[in-house]
Amino acid sequence: MRPAFLYAGLAWQRSWETKRDGIRYTGGFGFYLNHALSAGAELSGTRFLNPPRGDAYDALAMTLQLSYQVTPRIGITSHVSIGLTDGTPDAVVGLNLLWRP
């Protein structure tokens, strides 16, 4: 078991319907509280290369999450995401159930 972890990502995204491009970036960290419980934070954003006139060039959000591994095959993750720019929702709350067959 690793006590803490860091991650980062970079991706290009394309909307085929609107023909708009963007660069998506993420970075975060997490740590294990015990063998089944972990917590983390993530900063994620998108830089739109050709937004519609009047729209923001950046969308940035901060996410806090808590995960619990119920069994080796079932996990539960809850998260709260807070928008930091005008191009993102003010707040998003989510709950995911992960199942590995």
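Up top is the structure.
Residues numbered from 1 in each chain as written. Predicted model: local features only at pLDDT ≥ 70, side-chain atom pairs only at ≥ 80, totals over all residues. Heavy atoms only, no water.

Draft legend 1. Broad picture of the pattern of salt bridges. According to the stated counting rule, one finds two salt bridges in the structure shown. Here Arg14 makes a salt bridge to Asp21, at a shortest N to O gap of 3.1 Å. According to the relative accessible area criterion, Asp21 is buried, its value standing at 18%. (Salt bridge = Lys/Arg side-chain N within 4 Å of Asp/Glu carboxyl O. Buried < 20%, exposed > 50% of the residue type's maximum accessible area, 1.4 Å probe, protein only.)

Draft legend 2. Local environment of the side chain of Ser67. Assignment of secondary structure puts Ser67 in strand S4 (residues 58-71). Not counting the four nearest positions on each side in its chain, Ser67 is found in contact with Ala36, Leu37, Ser38, Ile76 and Thr77. (Helix = DSSP H or I, 4+ residues; strand = E, 2+ residues; numbered from the N terminus. Contact = heavy atoms within 4.5 Å.)

Draft legend 3. Layout of the sheet that holds strand S5 (residues 74-83). One open sheet holds the six strands; their spatial order is S1-S2-S3-S4-S5-S6, and the pairing between them is antiparallel. In the strand order of this sheet, the two ends are held by strand S1 (4-15) and strand S6 (91-99), each with one partner. The sheet shows a mean angle of 20° between the axes of neighbouring strands, taken without regard to direction. Here 10 bridges tie S4 to S5, and the two strands are oriented antiparallel to one another. Within S5, the position partnered with Gln69 by the bridge is Gly75. (Pairing = 2+ DSSP bridges. Axes fitted to C-alpha atoms, helices over the stretch in contact; angles between N-to-C directions.)

Draft legend 4. Seen up close, a nonpolar patch on the surface. Among the surface-exposed residues, Leu43, Met62, Leu64, Val80, Ile82, Leu84 and Val93 lie close enough to one another that they form a single nonpolar patch of about 600 Å² accessible area. Where the nonpolar patch is concerned, the elements lending two or more residues are S4 and S5. Relative to the elements of secondary structure, Leu64 occurs in strand S4. (Patch = residues over 30% accessible without salt bridge, like charges linked within 9 Å, V, L, I, M, F, W, Y side chains within 5 Å. Areas by Shrake-Rupley, 256 points an atom, 1.4 Å probe, with all protein chains shown as cover.)

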